[in-house]
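# Residue-level structure breakdown
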Amino acid sequence: TSGSADVQWTIANNSVSGFEYDGIYFEISEMSGDAGGLEGTLDVLVTGNTVTDNGNTGIELSISPYNFTGTQNILVEGNTITGNSNVGLLLSVSSQQDVTVNSIQIRDNVIDSNMGGGLYLWIEEWWPGGTPTNPTLVSGNTMTNNAIDCNAADPSFRRSKNVV
């Protein structure tokens, strides 16, 4: 590791409607310093957004922080995601080889009437041992009238108190 950084991204309180492709698209593919990777904390917060009637996915988050060592926190909370032509919320998380503490939470969202599905999780490549340090938590969401309400490719997936 060549440097240290605490990185925070917040996508909050937006109203996004009628885009040809994704309503909100966010991607992290590499974290690098002067001579290699970074060590620190990576926080991603997506909250309070209203995302409706877009031509593909409502909210798509792709988090693959190659060359990052440290703590990762992803929170998707309090969003309204409706009427999109594909998946309402797609979360893809991979390349977690060096993440030492991991927290992924999807809670208290309204995900309704999306044609490709309500929620799709794709979470892979956990090291050591092939599992994250904390289970992925999906809790308190309302997912209704979607083609498929919840599809998870994640060995640690836990859901509770969702309305489906």
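See the structure above.
Below, the structure is looked at part by part. Every chain is numbered independently, its residues counted from 1 as its sequence is written. A pLDDT threshold of at least 70 governs which residues receive local features in this predicted model, and a stricter bar of 80 or more applies before side-chain atom pairs are shown or counted, although totals over entire chains, interfaces and linings include all residues. Side-chain numbers come from the whole structure's heavy atoms, not from hydrogens or water.

### Some thoughts on the environment of leucine 61
Note the cut-off: To qualify as a helix, a DSSP run of H or I must reach at least 4 residues; to qualify as a strand, a run of E must reach at least 2; elements of each kind are numbered from the N terminus. The contact rule is simple, with two residues in contact once any of their heavy atoms fall within 4.5 Å.
Within the secondary structure, leucine 61 is located in strand E6 (residues 59-66). Spatially, the C-alpha atom of leucine 61 lies 6.1 Å from that of tyrosine 25, the residues being 36 residues apart in sequence. Not counting the four nearest positions on each side in its chain, leucine 61 is found in contact with Phe26, Val46, Val76, Leu90, Leu91 and Ser92.

### Regarding the pairing of strand E12 (residues 117-123)
Side chains on a regular strand alternate between the two faces of the sheet. For clarity, the cut-off: Accessibility here uses a 1.4 Å probe with only protein chains present; expressed as a share of the type maximum, an area under 20% marks a residue as buried, one over 50% as exposed, and anything in between as partly exposed. A pair of strands counts as paired when DSSP detects no fewer than two bridges linking them.
For E12, the buried fraction is high: five of the seven residues fall into the buried class. Here six bridges tie strand E9 (residues 87-93) to E12, and the two strands are oriented parallel to one another. What sits directly across from leucine 90, in E12, is tyrosine 120.

### Some words on the packing of aromatic side chains
As a reminder, the rule being used: Note on aromatic contacts: the rings of Phe and Tyr and the six-membered ring of Trp form a pair at centre separations within 6.5 Å, being stacked when their planes are under 30 degrees apart, edge-to-face when over 60 apart, and tilted otherwise.
Tallied over the full model, the rule gives one aromatic pair. An angle of 65 degrees between the planes, with centres 5.6 Å apart, marks the rings of tryptophan 9 and phenylalanine 26 as edge-to-face. Of this pair, tryptophan 9 sits in strand E1 (residues 3-12) while phenylalanine 26 sits in strand E3 (residues 24-30); the two residues are 17 residues apart in sequence, bridging distant segments of the chain.

### Concerning the side chain of glutamate 60
Relative to the helices and strands, glutamate 60 is located in strand E6. With a relative accessible area of 16%, glutamate 60 lands in the buried category. Apart from residues no more than four positions distant in its own chain, glutamate 60 is found in contact with Asp22, Ile24, Tyr25, Phe26 and Leu90.

### Considerations on the environment of isoleucine 104
Within the secondary structure, isoleucine 104 sits in strand E10 (residues 99-107). As for isoleucine 104 and valine 138, which are separated by 34 residues in sequence, their C-alpha atoms are 8.5 Å apart.

### Side note on the nonpolar core
The nonpolar side chains of soluble globular proteins are, as a tendency, buried together. Applied cut-off: To define a nonpolar core, start from buried Ala, Val, Leu, Ile, Met, Phe, Trp, Tyr and Cys residues and group those joined through side-chain atoms within 4.5 Å.
Residues Val44, Ile59, Ile63, Leu89, Leu91 and Ile106 are the most contacted members of the largest nonpolar core, which totals 28 residues. When residues of this core are traced back to their parent elements, those giving at least two are E1, E3, strand E4 (38-47), E6, strand E7 (68-77), E9, E10 and E12. Residues within four places of leucine 91 in sequence aside, it is in contact with Leu61, Ile63, Ile104, Ile106, Tyr120, Leu121 and Trp122.

### Topic: the environment of serine 17
For clarity, the threshold we go by: Polar contacts, as used here, are pairs of N or O atoms within 3.5 Å; protein pairs need one atom able to donate a hydrogen and one able to accept it. Residues neighboring in sequence count only if both atoms are side-chain atoms.
Considering the arrangement of structural elements, one finds serine 17 in strand E2 (residues 15-17). The sequence separation of serine 17 and asparagine 84 amounts to 67 residues, and the corresponding C-alpha distance is 9.1 Å. Residues in contact with serine 17, not counting those within four places in the same chain, are Thr52, Asp53 and Asn54. Among the polar contacts listed, one links the side chain of serine 17 to the side chain of threonine 52, at a separation of 3.1 Å.

### Digging into the sheet that holds strand E5 (residues 50-52)
Each strand in a sheet pairs with its neighbour through backbone hydrogen bonds, running either in the same direction (parallel) or in the opposite one (antiparallel). Spelled out, the test is: Note on geometry: axes are lines fitted to C-alpha atoms, helical ones only across the stretch in contact, with angles between N-to-C directions running from 0 to 180 degrees.
Pairing in this open sheet of five strands is parallel, and the strands run E2-E5-E8-E11-E14 from one edge to the other. Each having just a single partner strand, E2 and strand E14 (142-144) make up the two edges of the open sheet. Averaged over all pairs of adjacent strands, the angle between strand axes in this sheet comes to 5 degrees, irrespective of strand direction. Pairing of strand E8 (residues 80-82) with strand E11 (residues 110-112), which is carried by three bridges, proceeds in the parallel orientation. By the bridge assignment, isoleucine 81 is partnered in E11 with isoleucine 111.

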